Amino acid sequence: MWKRSLLFLTGLALAPIQAGCGQSFTAPLDDIRAIVINSLGEDLSLIHVGDPPTVTKSAVTLGSAPNQILVRGQEAIGVSSTSNSIQVIDIEKWAVIREYSVGAGCNPYMLALDHENMLLVTCFLSNELLRVDPEADLAASPVLDRTPMPAGADLKPFDPQIQSHARPQGVAVVGHKAYVTLSNLGDDWSPAGPGMVVVVDVAAWTQDKIIELSKTNPATAYNPFSKNDLIYVPCSGNYDGTGVVEVLDTTSDSIVRTVETGGAPGRMWVDENDIAWVGDQLDGQVLKFDAETYQGLDSVMLCPADYENEIYDFISDVATDGRGNVYAACFATDAVHIFPAEGGSKPEVVEVGDGPQALLVVQR
């Protein structure tokens, strides 16, 4: 169990947090229900198939402040923010087989695969988007391309006298276009301008559009399996319980809906029944809405924050497995809660490691 100060909670941009990345896999993951990235433990844990499920803790040691993982072929790729590194993991041996530096001062935040199966990496501190070859020779730089994010007047600062920084976080790819969220923060790590999404033509390596959002502090950019033309952008605002999820139509590159979820929405998932599950970064609850009608649904409380004892729990990631089960990571209490999407039974609580940050739930 981890205690932290409220100051840390309100400065989430300093600590890489934010999206579930479930995919379809081959034999090496047959006995795996989920991969868990533990940010504070700086390692990876495995939740195995079984009743009850078992866990291999610290299955792989990662870099410092690991933030996300995805699977590319027979390898898993993790990004570690404060060590400025990317780890390539053999998913049969569960061992790091290649590790790349993306450069001091980058603070790599999140990953996505582009149309050529290369990595797109957001750099939170250096305010860039990188294109990275995860099969590069270890003696060479893995960075193929880099582009700076918008700056200055392009960030539409609330006060022109106060400098704002793009601070890119989430990235999602649809076709040849990448969508990068900008948290747009000042030197004090508070919002200095509106949340934004930058549209990058990956093939041409050009920035084609900047989309302004209705709320500040956008977290991830999430493109669900069932709605390939949509990008969901959770925005926590001022962490005052008035968060929203913006719905971006990639055919027009415009915001077509704003869903008022409340809380401070972070990483999210849309299941096979078009129910959106959204992690609340203010409390240990999963927010919900209908992704067809955009109607809000009752939230699911799993690990309530205990402010009196300085335990500020929250849902760091959430995903489903394609078989009706929801997985939600409680960061401060070091557990993943597994429960049926339709309710009716008590969640299984699986202890996974120190500070579970990201989930990759195997789709079956």
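Notes on the structure in this doc start here. Because the structure is predicted, anything quoted here is derived from the model rather than measured.

## Remarks on the state of the cysteines
Moving on, step 1. By the definition in use, this model includes two disulfides.
Moving on, step 2. Here C303 connects covalently by a disulfide to C330, the sulfurs 2.0 Å from one another. An S-S torsion of about -90° defines the bridge between C303 and C330 as left-handed. With C303 in the loop between strand 24 (296–301) and strand 25 (315–320) and C330 in strand 26 (residues 325–330), this residue pair connects regions lying 27 residues apart in the sequence.

## Structural notes on the sheet that holds strand 19 (residues 244–249)
Neighbouring strands of a sheet are bound in pairs by backbone hydrogen bonds; such pairs are parallel or else antiparallel.
Moving on, step 1. Read across the open sheet, the three strands follow the order 18-19-20; overall the sheet is antiparallel. Of all strands in the sheet, those with a lone pairing partner are strand 18 (230–235) and strand 20 (254–260), marking the two edges. Direction aside, neighbouring strands of the sheet carry axes that sit 25° apart on average.
Moving on, step 2. Pairing of strand 19 with strand 20 involves six bridges; the strand directions are antiparallel. By the bridge assignment for strand 20, D249 is matched with S254.

## A closer look at the packing of aromatic side chains
Moving on, step 1. With the rule as written, the count across this model stands at nine aromatic pairs.
Moving on, step 2. With a centroid separation of 6.4 Å and 40° between ring planes, the pair formed by Y222 and Y232 is classed as tilted. With Y222 in the loop between strand 17 (206–212) and strand 18 and Y232 in strand 18, the pair connects residues that are 10 residues apart, well separated along the chain. Each member of the pair, Y222 together with Y232, is buried.
Moving on, step 3. Their ring planes at 70° and their centres at 6.0 Å tell us that W277 and F339 sit as a pair that is edge-to-face. One end of the pair, W277, is in strand 22 (residues 275–280); the other, F339, is in strand 27 (residues 335–340), and 62 residues separate them in sequence. With respect to class, W277 is no different from F339; both count as buried.

## Digging into the nonpolar core
Moving on, step 1. Counting residues in hydrophobic clusters, the biggest one holds 27 residues, and the most contacted among them are Y232, M268, V270, F289, Y327, V336 and L359.
Moving on, step 2. The contact partners of Y327, leaving out residues within four places of it in the chain, are R33, A34, D317, V318, A319, D321, V336, H337, I338, L359 and V361.
Moving on, step 3. With 17 residues, the next largest nonpolar core counts I32, V60, V71 and A76 among its residues.

## Description of the sheet that holds strand 3 (residues 55–61)
Moving on, step 1. In spatial order, the strands read 3-2-1-29; together these four strands make up an open sheet with antiparallel pairing. Only two strands of the sheet have a single neighbouring strand rather than two, namely strand 3 and strand 29 (356–361). Mean inter-strand twist for the sheet, computed between neighbouring axes without regard to direction, equals 25°.
Moving on, step 2. Examined bridge by bridge, strand 1 (residues 32–38) and strand 29 share five bridges and lie antiparallel to one another. Its bridge partner lying in strand 29, N38 is registered against P356.

## A look at the environment of E292
Moving on, step 1. Structurally, the position occupied by E292 is in the loop between strand 23 (285–290) and strand 24.
Moving on, step 2. Here the alpha-carbon distance between E292 and I275, two residues 17 residues apart in the chain, equals 8.1 Å.
Moving on, step 3. In contact with E292, not counting residues within four places along its chain, are K227 and D274.
Moving on, step 4. Among the polar contacts made by the side chain of E292, one reaches the side chain of K227 at a distance of 2.5 Å.

## What about the pairing of strand 17?
Moving on, step 1. The pairing of strand 16 (residues 196–201) with strand 17 spans six bridges and is classified as antiparallel. Note that in strand 17 the partner of D201 across the bridge is T206.

## Some thoughts on the pattern of salt bridges
Moving on, step 1. Following the criterion strictly, the structure yields 12 salt bridges and no others.
Moving on, step 2. The closest approach of N and O atoms between E212 and K156, which form a salt bridge, is 3.0 Å. Here E212 is found in strand 17, whereas its partner K156 is found in the loop between strand 11 (143–148) and strand 12 (164–165), with 56 residues between them in sequence.
Moving on, step 3. A relative accessible area of 42% places E212 in the partly exposed class.
Moving on, step 4. Taking the shortest distance from any N to any O, the salt bridge between R323 and D321 comes out at 3.5 Å.
Moving on, step 5. Judged by its relative accessible area of 47%, R323 falls in the partly exposed class.
Moving on, step 6. Of the residues examined, D321 reaches a relative accessible area of 0% and is grouped as buried.
Moving on, step 7. Salt bridges here are not isolated pairs; linked through shared partners, they connect D114, E116 and R131.

Cut-offs used in this document
Residues numbered from 1 in each chain as written. Predicted model: local features only at pLDDT ≥ 70, side-chain atom pairs only at ≥ 80, totals over all residues. Heavy atoms only, no water. Disulfide = S-S within 2.5 Å. Helix = DSSP H or I, 4+ residues; strand = E, 2+ residues; numbered from the N terminus. Pairing = 2+ DSSP bridges. Axes fitted to C-alpha atoms, helices over the stretch in contact; angles between N-to-C directions. Phe/Tyr/Trp six-rings, centres within 6.5 Å; stacked < 30°, edge-to-face > 60°. Buried < 20%, exposed > 50% of the residue type's maximum accessible area, 1.4 Å probe, protein only. Core = buried A, V, L, I, M, F, W, Y, C linked by side-chain atoms within 4.5 Å. Contact = heavy atoms within 4.5 Å. Polar contact = N/O pair within 3.5 Å; in protein donor to acceptor, adjacent residues only side chain to side chain. Salt bridge = Lys/Arg side-chain N within 4 Å of Asp/Glu carboxyl O.

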